[in-house]
Amino acid sequence: GCANSTGAGSVLSASGPSSSAVTLRAQNLPLPQTIGLFFRGSTSVGPLPFGDGLRCVGGDVERIKVVITNYAEDQVEMMDAINNPEDPDAGIRQVPFSRELYIERSDFLEDPPKKFFRLSPDREVRLRYAYWIRCTDVIKDEHGKVQELHCTYDPQTRGGNAPPDGRKVKGTLHWVSIPHAIDAEVRLYDHLFTLEDPTNSSDPTDNWLESLNPDSLKIVQGAKLEPVLTQAQPDVSYQFERIGYFC
């Protein structure tokens with residue numbers, strides 16, 4: 001499904017979920033801001049479930065650039081993407097695909113562990129609804145941080161389908177076309193306290209304020225979203241693939 005997550009879930013337990021809320025100020029949105037919540041279970045692992053009316057879209061919060069070197073520079077294709085895998089009546093949307101894309105930075109590792117199935121050098125993965133790509137080169141800055149990935153694509157895999165030769169991939173990534181992406185500010189909220197119950201102490205001198213989590217709020221500037229969100233409507237919920245719920 002859309003939310004094939006790696007360590008995120010929607011279970012709300014007695015220990016409390018790790019809650020992330022976001023504010024999106026996307027270009028040309030009819031509303032000045034849109035606010036939603038993402039619940040990341042503290043112990044659960046698995047897909048995030050869909051609710052009624054939920055729409056699945058692509059968004060990259062902490063991104064890395066991908067250049068598909070054998071794809072024409074001026075070419076743009078519209079790919080059919082499912083709005084909600086669990087609700088056929090939600091229909092499809094068209095997503096622009098181009099030579100330059102963003103993927104989540106966490107979806108690439110230069111030296112991956114054994115069970116990492118996403119993108120790495122000389123490994124092939126599926127871009128959801130688009131093509132299979134293989135990483136051929138890694139571009140770094142002067143500090144050794146990866147800035148850009150060069151990849152090739154297989155034109156026989158359009159729509160994310162398997163090629164005629166029968167080879168397989170295990171990883172599927174979400175992506176956003178760079179020329180078509182819209183900017184957003186994302187606010188991620190984690191646990192407010194570092195303790196499950198900051199008031200539960202046998203020491204009367206303990207101050208619950210000392211248990212406040214200094215990292216409970218993270219503001220990310222310049223997140224990149226699918227252009228369909230320029231048409232976002234009030235009270236319509238969205239899920240960024242493998243990231244969270246927004247409305």
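Up top you'll find the structure we're talking about.
Residues numbered from 1 in each chain as written. Predicted model: local features only at pLDDT ≥ 70, side-chain atom pairs only at ≥ 80, totals over all residues. Heavy atoms only, no water.

### Some details on unusual backbone geometry
Here is step 1 of the chain: The phi dihedral of aspartate 122 is positive, around 65°, even though this residue is not glycine.
Here is step 2 of the chain: Its place among the elements puts aspartate 122 in the loop between strand E8 (100-104) and strand E9 (124-127). (Helix = DSSP H or I, 4+ residues; strand = E, 2+ residues; numbered from the N terminus.)

### A look at the packing of aromatic side chains
Here is step 1 of the chain: Across all of its chains, the model carries five aromatic pairs by this definition.
Here is step 2 of the chain: Ring plane angle 85° and centroid distance 5.3 Å describe the contact between tyrosine 71 and phenylalanine 97, whose orientation is recorded as edge-to-face. With tyrosine 71 in the loop between strand E5 (63-68) and strand E6 (77-82) and phenylalanine 97 in strand E7 (residues 92-97), this residue pair connects regions lying 26 residues apart in the sequence. Phenylalanine 97 matches tyrosine 71 in its accessibility class, with the two residues each being buried.
Here is step 3 of the chain: Grouping aromatic residues by their ring pairs yields a cluster made of Tyr71, Phe97, Tyr131, Tyr153 and Trp175.
Here is step 4 of the chain: Just above the ring of tyrosine 102 sits the side chain of arginine 63; from NZ or CZ to the centre is 5.0 Å.
Here is step 5 of the chain: Over the ring of tyrosine 129 we find arginine 128, and its NZ or CZ is 5.9 Å from the ring centre. (Phe/Tyr/Trp six-rings, centres within 6.5 Å; stacked < 30°, edge-to-face > 60°. Buried < 20%, exposed > 50% of the residue type's maximum accessible area, 1.4 Å probe, protein only. Lys NZ or Arg CZ within 6 Å of the ring centre and 35° of its normal.)

### Notes on the pattern of salt bridges
Here is step 1 of the chain: In this structure the tally under the stated criterion is 12 salt bridges.
Here is step 2 of the chain: A salt bridge links glutamate 226 to arginine 93, with the shortest nitrogen-to-oxygen separation between them at 2.9 Å. With glutamate 226 in the loop between strand E15 (217-225) and strand E16 (238-240) and arginine 93 in strand E7, the pair connects residues that are 133 residues apart, well separated along the chain.
Here is step 3 of the chain: Take glutamate 226: its relative accessible area is 5%, and that puts it in the buried class.
Here is step 4 of the chain: Taking relative accessible area as the criterion, arginine 93 reaches 8% and is therefore assigned buried.
Here is step 5 of the chain: One salt bridge in this structure joins arginine 134 and glutamate 124, with 3.4 Å as the shortest N-O distance. With arginine 134 in strand E10 (residues 132-140) and glutamate 124 in strand E9, this residue pair connects regions lying 10 residues apart in the sequence.
Here is step 6 of the chain: Given a relative accessible area of 29%, arginine 134 falls into the partly exposed group. (Salt bridge = Lys/Arg side-chain N within 4 Å of Asp/Glu carboxyl O.)

### Description of the nonpolar core
Here is step 1 of the chain: Phe97, Leu119, Ile133 and Leu149 are the most contacted members of the largest nonpolar core, which has 26 residues in total.
Here is step 2 of the chain: The biggest single contributor to this core is strand E11 (residues 146-154), with four residues.
Here is step 3 of the chain: Leucine 149 has contacts with Ile64, Lys65, Val66, Val67, Ile103, Phe108, Leu119, Cys135, Asp137 and Val138, leaving out every residue within four places of it along the chain.
Here is step 4 of the chain: Core analysis: the second largest hydrophobic core is formed by five residues, Ile182, Ala184, Leu225 and Leu229 among them. (Core = buried A, V, L, I, M, F, W, Y, C linked by side-chain atoms within 4.5 Å. Contact = heavy atoms within 4.5 Å.)

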